[in-house]
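# Observations on the three-dimensional arrangement
Spelled out, the chains give:
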Amino acid sequence: MLANAEIVRRFLELKHQVHPDVVSYIREQDDPSLIDRIAAAVPDGTLVISAEHIPGLKKVRDGTRFLTNPELEIIVGSAGTTGSVTGHEDAVHYFRDRYNQLASMVRGRMTAMPIEALAKSPHRYRDEECSIIGMVAETRTTAKGHRLVELEDPTGSIRVLFNKGRDESFSEAEKILPDEVLGVRGKLSNDGGLLFADQLTRPDIPINHAPFRSDRPGKAIMISDVHVGSDTFLNEAWNRFADWLQDSDAAYLLIAGDLVDGIGIYPGQENELTIKNIYEQYDVFAEMLRDLPSRIQIVVIPGNHDVVRMAEPQPAIPAEFTEKFPANCTVAENPCLLNLQGVRVLMYHGRSYDDMIGLIPGASYERPGEIMDEMLKRRLLASPYGMRTPIAAMKTDRLVIDPLPEILLTGHVHICGITRYRGVLGVNAGTWQSQTSFQKQMNIHPTPARAFVVDLQTLQTEVMDFS
Ligand code: D5M
Ligand code: FE
Ligand code: ZN
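From a predicted model like this one, the values you see are computed outputs, not experimental measurements.

### A short note on the overall build of the chain
For the chain, the helix and strand inventory stands at 13 helices and 18 strands. What you see for the chain is a C-alpha radius of gyration of 24 Å, in line with the 23 Å of a compact globule of 467 residues. Projected onto the principal axes, the alpha-carbon positions of the chain cover approximately 70 × 55 × 40 Å. Residue pairs in contact within the chain that sit at least 24 positions apart in sequence constitute 70% of those at least 6 positions apart. Side-chain charges in the chain split into 48 positive and 64 negative, and the spacing between the mean points of these groups amounts to 6 Å.

### Quick look at the coordination of the zinc ion (ligand 3)
Within the first shell, the zinc ion (ligand 3) binds the protein through Asp258 (OD), Asn304 (OD1), His349 (NE2) and His412 (ND1), at distances of 2.2 to 2.3 Å. Coordination of the zinc ion (ligand 3) draws on donor residues from a single chain, spaced D-x45-N-x44-H-x62-H in sequence. A gap of 3.2 Å separates the zinc ion (ligand 3) and the iron ion (ligand 2), which Asp258 links by coordinating each metal. Of this pair, Asn304 sits in the loop between strand 11 (297-300) and helix 10 (319-322) while His349 is found in the loop between strand 13 (343-347) and helix 11 (353-359), placing the two residues 45 residues apart along the sequence.

### A short note on the sheet that holds strand 5 (residues 147-153)
Across a sheet, strands are paired by hydrogen bonds formed along the backbone, either parallel or antiparallel in direction. Read around the closed barrel, five strands run 4-5-6-8-7, paired in mixed fashion. Strand-to-strand, the axes of this sheet are offset by a mean angle of 55°, without reference to chain direction. Both strand 7 (residues 181-188) and strand 8 (residues 194-201) contribute to a ladder of six bridges, which runs antiparallel. Residue pairing in the sheet places Gly186 in a bridge with Ala197 of strand 8.

### Brief notes about the pattern of salt bridges
Think of it this way: side chains of opposite charge can pair up when their charged atoms draw near. For the coordinates displayed, the defined rule picks out 27 salt bridges. Among the ionic contacts, a cluster of salt bridges with common partners joins Glu172, Lys175, Glu180, Arg202, Glu374, Lys377 and Arg378.

### Focus on the packing of helix 1 (residues 4-13) against helix 2 (residues 20-29)
Running from amino to carboxyl end, helix 1 crosses helix 2 at an angle of 115°, the nearest separation of the two axes being 10 Å. For the pair helix 1 and helix 2, the crossing hand works out as right-handed. For the pair formed by helix 1 and helix 2, the contact residues are Asn4, Ile7, Val8 and Phe11 on the first element and Val23, Ile26 and Arg27 on the second.

### Let's talk about the pairing of strand 18 (residues 461-465)
When strand 17 (residues 450-455) meets strand 18, the two strands line up antiparallel, connected through five bridges. Paired with Phe452 across the bridge in strand 18 is Val463. The hairpin turn running from strand 17 into strand 18, its antiparallel successor, is five residues long, and Leu459 in that turn takes a positive phi close to 60°.

### Observations regarding the state of the cysteines
Counted by the stated rule, this structure contains zero disulfides. Just so you know, Cys329 is unpaired, no disulfide at all, and the nearest cysteine sulfur is the one on Cys336, 11 Å from it.

### With respect to the site of ligand 1
Every one of the 16 residues lining ligand 1 counts as a neighbour, but Asn304, His305, His412, Val413 and His414 are closest to it. In the environment of ligand 1, an oxygen atom lies 2.9 Å from a nitrogen or oxygen atom belonging to the side chain of His412. Here His414 contributes a side-chain N or O atom positioned 2.9 Å from an oxygen atom of ligand 1. For ligand 1, the accessible surface in isolation is 460 Å², of which the surrounding protein chains cover 86%. According to the grid-proximity analysis, the pocket containing ligand 1 is the second largest pocket. Its residues placed into classes, the shell around ligand 1 shows five nonpolar, six polar and five charged.

### Some remarks on the nonpolar core
Ranked by internal contacts, the top residues of the largest apolar core, which has 39 residues, are Ile223, Val226, Trp238, Phe241, Ile255, Phe285 and Trp432. Breaking this core down by element, the ones donating at least two residues are strand 9 (219-223), helix 8 (235-246), strand 10 (252-255), helix 9 (278-290), strand 11, strand 12 (329-340) and strand 17. The dominant element in this core, judged by the number of residues it contributes, is helix 9, at six residues. Leaving out residues up to four positions away in the same chain, Trp238 has contacts with Ile223, Val226, Phe233, Met288, Leu292 and Trp432. By size, the runner-up hydrophobic cluster in this structure holds 30 residues, among which are Leu346, Ile357, Leu376 and Leu399.

### A few points about the environment of Val343
Summarising the element assignment, Val343 is placed in strand 13. Judged by its relative accessible area of 0%, Val343 is buried. The spacing of Val343 and Asn69 is 274 residues in sequence and 8.8 Å in space, taken between C-alpha atoms. The residues touching Val343, leaving out its near neighbours within four places in the chain, are Phe212, Arg213, Ser214, Leu338, Glu406, Ile407, Leu456 and Leu459.

### Digging into the packing of helix 2 against helix 3 (residues 33-41)
For the pair helix 2 and helix 3, the least separation of the axes is 10 Å and the interaxial angle reads 140°. By the angle between their axes, helix 2 is oblique relative to helix 3. Contacts between helix 2 and helix 3 involve Val22, Tyr25, Ile26 and Gln29 from the former and Leu34, Ile35 and Ile38 from the latter.

### Quick look at the domain arrangement of the chain
On domain assignment, one finds that the chain holds domain 1 (4-53), domain 2 (110-201) and domain 3 (219-465). Computed from C-alpha atoms alone, the centre-to-centre distance between domain 2 and domain 3 is 37 Å. Counting residues at the interface gives six residues for domain 2, matched by ten residues for domain 3. Buried area between domain 2 and domain 3, summed over both chains or domains, comes out near 790 Å², and the portion from carbon and sulfur atoms is 58%. The largest contributions to the domain 2 side of the interface with domain 3 come from Lys175, Leu177 and Asp179, which together make up 60% of the buried area. Between Lys175 and Glu374 there is a salt bridge whose closest N-O contact spans 3.6 Å. Among the residues making up the side of domain 2 that touches domain 3, the classes are represented as two nonpolar, no polar and four charged.

Rules and cut-offs
Residues numbered from 1 in each chain as written. Chains lettered and ligands numbered in written order. Predicted model: local features only at pLDDT ≥ 70, side-chain atom pairs only at ≥ 80, totals over all residues. Heavy atoms only, no water. Helix = DSSP H or I, 4+ residues; strand = E, 2+ residues; numbered from the N terminus. Rg over C-alpha atoms; globule rule 2.2 N^0.38 Å. Contact = heavy atoms within 4.5 Å. Lys, Arg positive; Asp, Glu negative; His and termini not counted. Charge placed at Lys NZ, Arg CZ, Asp CG, Glu CD. Donors = N, O, S within 2.8 Å, 3.2 Å for Na, K, Ca; no water. Pairing = 2+ DSSP bridges. Axes fitted to C-alpha atoms, helices over the stretch in contact; angles between N-to-C directions. Salt bridge = Lys/Arg side-chain N within 4 Å of Asp/Glu carboxyl O. Left-handed = near helix turned anticlockwise from the far one by under 90°. Disulfide = S-S within 2.5 Å. Near = heavy atom within 4 Å. Polar contact = N/O pair within 3.5 Å; in protein donor to acceptor, adjacent residues only side chain to side chain. Areas by Shrake-Rupley, 256 points an atom, 1.4 Å probe, with all protein chains shown as cover. 1 Å grid on protein atoms, 1.4 Å probe; cavity = no way out; pocket = protein on both sides within 12 Å on 5 of 7 lines; lining within 4 Å. Sits in = over half its atoms within 2 Å of the grid points. Nonpolar A, V, L, I, M, F, W, Y, C, P; charged D, E, K, R; others polar. Core = buried A, V, L, I, M, F, W, Y, C linked by side-chain atoms within 4.5 Å. Buried < 20%, exposed > 50% of the residue type's maximum accessible area, 1.4 Å probe, protein only. Parallel < 35°, antiparallel > 145°, perpendicular 65-115°, else oblique. Domains from an automatic or database assignment. Buried area = accessible area lost by both parts, 1.4 Å probe.

Encoded structure:
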């Protein structure tokens, strides 16, 4: 098997630069002859070889789209589809479902053996290349600075060592999160108790993924974190946005949670509320929506400040709070997957940013786009179970990203961000609240009063600033 650096060097000898996606593809295929075949087929004047230059690699679209795509359909997460939390007995089903869904994505790109086989006959496999797919049960850094990870599959568990001297997989190994699912290729120790990792494979987006685009005009506006009722809600900026919407040709408005500021969300919140009654907060929000053009289809999901349970998936906001919402507003769950003219949008409030930013070296609230990339690589909206993001252990894991959306829309961090990762557009839509005293303490500098406009025919975005 060729190392990443070796693949890059061979392309350089052929006077080509190469995209990291192509390097990992060649490693996965384990076929060094691909290098010459790719280089031979590259058109003159190509600066960097990317996935489109791999001969025979066809663009594939995830999932079926129909000629008569509906204007607006909730594929997953319409109101009432999430059950109540029943207790611990479902945790086993939950983790098994997460493992099955994610392992099958990894299995498409590598052949793995059950962990039990390694433990049962270590003599047979010792010093040989072995591959396994497991869920991360534990991670720690050893005294010497290596990364030691315990991986579990349905048959058993094994410790995997990522050596800090091997820089190519080590920077990825440092980002391993509890409860994500990984494929690892490596060599088994003499006693069979430890796997020395060479290569790490995540579920990821296939490099030949081709996003769908609408065949007819249509624009979606994306915002988040309105926080109605807070004394830092930016009423004037909102009014400018509402005025601008009167003349806009957008067909959809998506709002990714924290619709209101809520009650009792953090200590001392009552001193920062202009509306201290939760029903009134939703009534004012309803009034704001009724002031918008009724031709715009609105979809709203809850966030951690809304009135539903915190554990994800969060149910849709109940009818007793949404009675005054206009008829053009659909109330959905968090997360939910929408179909807008065939373009899929995965809406997720984004509570898991708080966990991921703490666990991923170099991650920052200032750059939510990078975290969206990490969600997409893991195909998980929220990875660690039992940290800051409460997760309801249901029979299926709704936090797995499958099918792939064209657009991932999040909020929560109150800082705008945008990313494009392997064809998927990621938007973090910011907020309509200026800096709160809590955010001041946390040194978080929000970018409020922005709206993202996404063209469903091109997936191009434009940011409007109403601050
Ligand atoms: O989140 C608003 C901002 O505050 C967002 O940037 C995340 C940050 N935040 C919220 N809760 C926490 C905790 N518990 N730790 C660290 N940072 C946090 P909002 O959901 O609107 O309150
Ligand atoms: Fe918020
Ligand atoms: Zn939030």
